[in-house]
Each structure stands twice: as structure tokens, then as C-alpha cells.
Amino acid sequence: MTSPAEILSVPKPDWAQEDVAMLYDMAHRFMSDEIAPHYDAYEKNEIVDRTAWEKAGAAGLLCPSMPEEYGGAGGSFAHESAIIEAIGHVGVDGFGIGLHNAIVAPYILHYGSEEQKKRWLPKLASGELIGAIAMTEPGAGSDLQGVRTRADRHGNQYRINGSKTFITNGQLANLIIVVAKTDPDKGAKGTSLIVVETDGAEGFERGRNLDKIGLKANDTSELFFNDLRVPTSNLLGTEEGQGFVQLMQQLPQERLMIGTTAIAMAERALALTIDYVKERKAFGQPILNFQNTQFRLAELKTEITIGRVFYNDCVKRHIEGGLDPATASMAKYWLSDLQGKVMDECLQLHGGYGYMNEYPIARMWRDARVQRIYGGTNEIMKLLIARSL
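The notes below deal with the structure included here. (Residues numbered from 1 in each chain as written. Predicted model: local features only at pLDDT ≥ 70, side-chain atom pairs only at ≥ 80, totals over all residues. Heavy atoms only, no water.)

Tallying secondary structure elements over the protein chain gives twelve helices and nine strands in all. By the compact-globule yardstick of 21 Å for 389 residues, the protein chain fits well, its C-alpha radius of gyration being 21 Å. Once the C-alpha set of the protein chain is aligned to its principal axes, its extents read approximately 80 × 45 × 40 Å. Counting across all 389 residues of the protein chain, residues that qualify as buried make up 53%. Taking the contacts inside the protein chain whose residues are at least 6 apart along the sequence as the reference set, 75% of them involve residues at least 24 apart. Summed over its atoms, the accessible surface of the protein chain is roughly 17,100 Å², and 50% of this surface lies on carbon and sulfur atoms. (Helix = DSSP H or I, 4+ residues; strand = E, 2+ residues; numbered from the N terminus. Rg over C-alpha atoms; globule rule 2.2 N^0.38 Å. Buried < 20%, exposed > 50% of the residue type's maximum accessible area, 1.4 Å probe, protein only. Contact = heavy atoms within 4.5 Å. Areas by Shrake-Rupley, 256 points an atom, 1.4 Å probe, with all protein chains shown as cover.)

Here is the structure:
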């Protein structure tokens, strides 16, 4: 396959030099050699084997931005981006280590006590623990203030009751950060984040591995909490009621991460389609020779280039601590919208074969759709941007 780097003429940003570039190459090889050969089976089984997580941990691909003292590699979001881009460029998009690395682990790093960090982060880095965050409920999606899961304090324990849905890594995860109300009368100020270790936990139950349109390899689940008891020491933060602020502080990185997936998958789709139209013939000539094909691909290359430059700038700002929530929302909505457009146009250029599951573009088209929904819908992103006007 033509590589995205051969198509786009965007120079590597400063944050993607040297060790980040080496990590990308290593992650690309790992995903190509260790994950891609089994990916059809993961799609069929609708879950990635736990052994794949353990191999990723042994290869140093879990928790790269966590400090070395907690088992990580001491990197930054640039290193997270390198791994997520490698996943997108290889085409193993349902391997959910991005959420584990760049969403779950940072909550523990930023808000956990020293004891919590030493207890959980090394196991997340090795793959012994697989992380998830339980935000969404059957009646609460983008509106996190509407969560109804309760965590009532009894002595030195919380009793958690409620249900969650659409939880990424939900079937495999054995460390789950649960968004719960510790004081329902206080609204957002009564929300807390509580870590649940699920192995052997009474009162915890996994529901269905949900039957999704795309990202089949990524287990996505219902979770149920029925008088689940956890120590009060599993609270993230120094006191109850900090959860909503913690979520708001970390959501920009989650939204930027969705942008990472979007730009990487768009670049791969363009590369695959260029290869296809060079080989596929109609009316005695390659499809690439037709002006309509050339114009469509020219437009896509231009827009993907714009998206890549914008994304690179967002990562630079994020690493330097200057990525504001509105700009993160712009990255999430615009790049995922672009991703959807690219997938649709590239599938069209594949003709009837684009609708066949044996061609990668078909799976990429399905996988792309959820990007405009999770992490806050793109409509919510526009509301957040509008508030900054």
C-alpha cells in the first residue's frame, strides 16, 4: 500500500521527531505483525484477545505517557498520537489501547493518590489491568450531569448501584473508572469518579457485548452495579464532588484523541483508494485517468492536508498546555466530519467492490461513523464552540 507519508507533503512537526518517530515505526511493525494477522478473527469474535494486550504491554505500547516510576515510558501525548496513528494506518482500528492509554491512565495520574498510582498504573502499563471509563448510561449520553448511578457511603465503603452502556473495553476491562453521584442533590457538584477493580467483585455484572455497526473487534458493553462495595480509598481526588470538574479537564484530550483516529484513518483511506484507482480499469483505462476521479482525489488530498496541519498544531498546543476546550471540540467535530466524507468518497470510487466486506474501505466506512457520536456528539461540540464566541 502507498503510505500516507508518500501522498501528503506535510513536514513532520517538531513533536513528531526522533523518539516519537521511532515509536511510530515500532508500533506500526507491532500492529502489522502481531495484530493485523489476527484481526479478522477479532472482528468475527467481536473482541481482541487478552494476549494481544499483554504483548502490547511487553512491547512498551501501553501507558507511554505515564512516568517511568509508575511503569510507563515518561512520554507525552505525542507518543500517544504515534501509537494511535499506527493503529489507524495499519487498519486495526478496534484495538482499544488508545482509550486505555490516553484516557483511563491519565485520570489516575492526575487525580489519584500516590498509593493509587503505584497500585494501578504499573499493571495498566503491563496489560495485567485493562482500563475502561463508565460514563454513558441508558438515559445519559453527552449530558454527563444526567448520570443516575449512585455511590452511597457506608463507613469506609461505597455501595454502587446503577447501569452503564456503550462502555469501550467493557468485556475485558478489570479496572473501570465509574462516574457516579455521591450527592444527587448537588447536581454536577455531587458527581465523583470511583475506581472499580472488577476481578472477584460481588455485585458487578457485565451485560451484552453490544452488536455494533462497526468497530466490531472493540468490545463495547453494558455494565451493571448492584450493591457493589468498594473502599472509599478508591475515590479519585481529595474529596467527593470533584468528578465533573475532573471530566471537563480531561475531555479535551479525549476529543483530540478522536481527531487522531480520524486523520489517521482518512490518510489510510486515501492511500488505499489511490492504489485501487491506479489498478482498476473501466472503459479500457485506469479509473485514475478520468477527470472526475482526479478532481475528487485532489479535493480529498487537499482537505486531508489541511486536517493534518490543524491536527499537528493542536497536538503542539496540547503538549505545551495551551489547547483550550473549544479548539479541542473543533478538532473532534471537524476531523471526524472530514473522516466521514473521505470514507464515503473513497468507497464510491471503489464502485461495487467498495460495498464488499473483503475490501478494507468497507470496514473503514462502517468504523468511521461512531466518531461523530462518542466523546460528545458533534452537535454538542458546536454548542461548546459557540459558547466561546
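This model, assessed by the stated rule, comprises seven aromatic pairs. Taking 6.4 Å as the distance between ring centres and 80 degrees as the angle between the ring planes, the aromatic pair formed by Trp 15 and Tyr 311 counts as edge-to-face. Taken together, the residues Trp 15 in the loop between helix 1 (4–7) and helix 2 (19–35) and Tyr 311 in helix 9 (residues 291–319) connect sequence positions 296 residues apart. An aromatic cluster is defined as three or more aromatic residues linked by ring pairs; in this entry it consists of Tyr 276, Tyr 353 and Tyr 359. (Phe/Tyr/Trp six-rings, centres within 6.5 Å; stacked < 30°, edge-to-face > 60°.)

Attention shifts here to the nonpolar core. Buried together is how nonpolar side chains tend to be arranged in soluble globular proteins. If you look at the biggest cluster of nonpolar residues, it comprises 97 residues, and the most contacted ones within it are Met 31, Ile 35, Phe 95, Tyr 107 and Ile 177. Beyond its immediate stretch of four places on either side in the chain, Tyr 107 contacts Gly 112, Ile 133, Met 135, Ile 177, Leu 193, Leu 236, Gln 246, Leu 247 and Gln 250. Core analysis: the second largest hydrophobic core is formed by 18 residues, Ala 132, Ile 167, Val 178 and Val 196 among them. (Core = buried A, V, L, I, M, F, W, Y, C linked by side-chain atoms within 4.5 Å.)

A word on the side chain of Thr 168. Its location among the elements puts Thr 168 in strand 3 (residues 157–168). If sequence neighbours within four positions are ignored, Thr 168 has contacts with Leu 99, Ala 132, Asn 218, Asp 219 and Thr 220.

Here we come to the pairing of strand 1 (residues 131–134). Where burial is concerned, the two faces of strand 1 agree: the one with Gly 131 and Ile 133 and the one with Ala 132 and Ala 134 are both buried. Pairing of strand 1 with strand 4 (residues 175–181) involves four bridges; the strand directions are parallel. Within the sheet, the bridge partner assigned to Ala 132 lies in strand 4 and is Ile 176. (Pairing = 2+ DSSP bridges.)

With that settled, the discussion passes to the pairing of strand 3. Looking at chain direction, strand 2 (residues 150–154) and strand 3 are connected through five bridges and run antiparallel. If you follow His 154 over to strand 3, its bridge partner there is Gln 157. Connecting strand 2 to the next strand, strand 3, in antiparallel fashion are two residues, including Gly 155 with a positive phi near 65 degrees. In this sheet, strand 7 (residues 220–231) lies alongside strand 3 in antiparallel orientation, the contact comprising nine bridges. Pairing of Tyr 158 across the sheet is with Val 230, part of strand 7.

Mapped onto the elements, Leu 99 comes out in helix 6 (residues 97–111). It is 17 Å that separates the C-alpha atoms of Leu 99 and Ser 329, two residues lying 230 residues apart in sequence. If near-sequence neighbours (up to four positions away) are discounted, Leu 99 is found in contact with Val 104, Gly 131, Ala 132, Ile 133, Thr 168, Asn 169 and Met 257.

Moving on: unusual backbone geometry. Peptide bonds are mostly trans, and most non-glycine residues show a negative phi. Phi angles above zero are rare outside glycine, and Glu 46 is one such case at about 60 degrees. Assignment of secondary structure puts Glu 46 in the loop between helix 3 (39–45) and helix 4 (50–58). In this model, Phe 283 sits at a positive phi of 55 degrees, which is unusual for a non-glycine residue. Within the secondary structure, Phe 283 sits in the loop between strand 8 (281–282) and strand 9 (285–286). Owing to a relative accessible area of 81%, Phe 283 belongs among the exposed residues under this scheme.

Together, Tyr 353, Tyr 355, Met 356 and Trp 365 make up an exposed nonpolar region whose accessible area comes to about 440 Å². Mapped onto the fold, Tyr 355 is located in the loop between helix 10 (325–349) and helix 11 (360–368). (Patch = residues over 30% accessible without salt bridge, like charges linked within 9 Å, V, L, I, M, F, W, Y side chains within 5 Å. Salt bridge = Lys/Arg side-chain N within 4 Å of Asp/Glu carboxyl O.)

Inspection of every chain in the model, using the stated rule, returns 18 salt bridges. When the shortest N-O distance is used, the salt bridge between Glu 345 and Arg 296 registers 3.1 Å. Separated by 49 residues along the polypeptide, Glu 345 in helix 10 and Arg 296 in helix 9 bring together distant segments of the chain. Classification of Arg 296 by relative accessible area gives partly exposed; the value is 27%. Among the charged side chains, a network of salt bridges with common partners joins Glu 46, Asp 211 and Lys 216.

Limitation: the analysis is restricted to geometry and does not speak to function.
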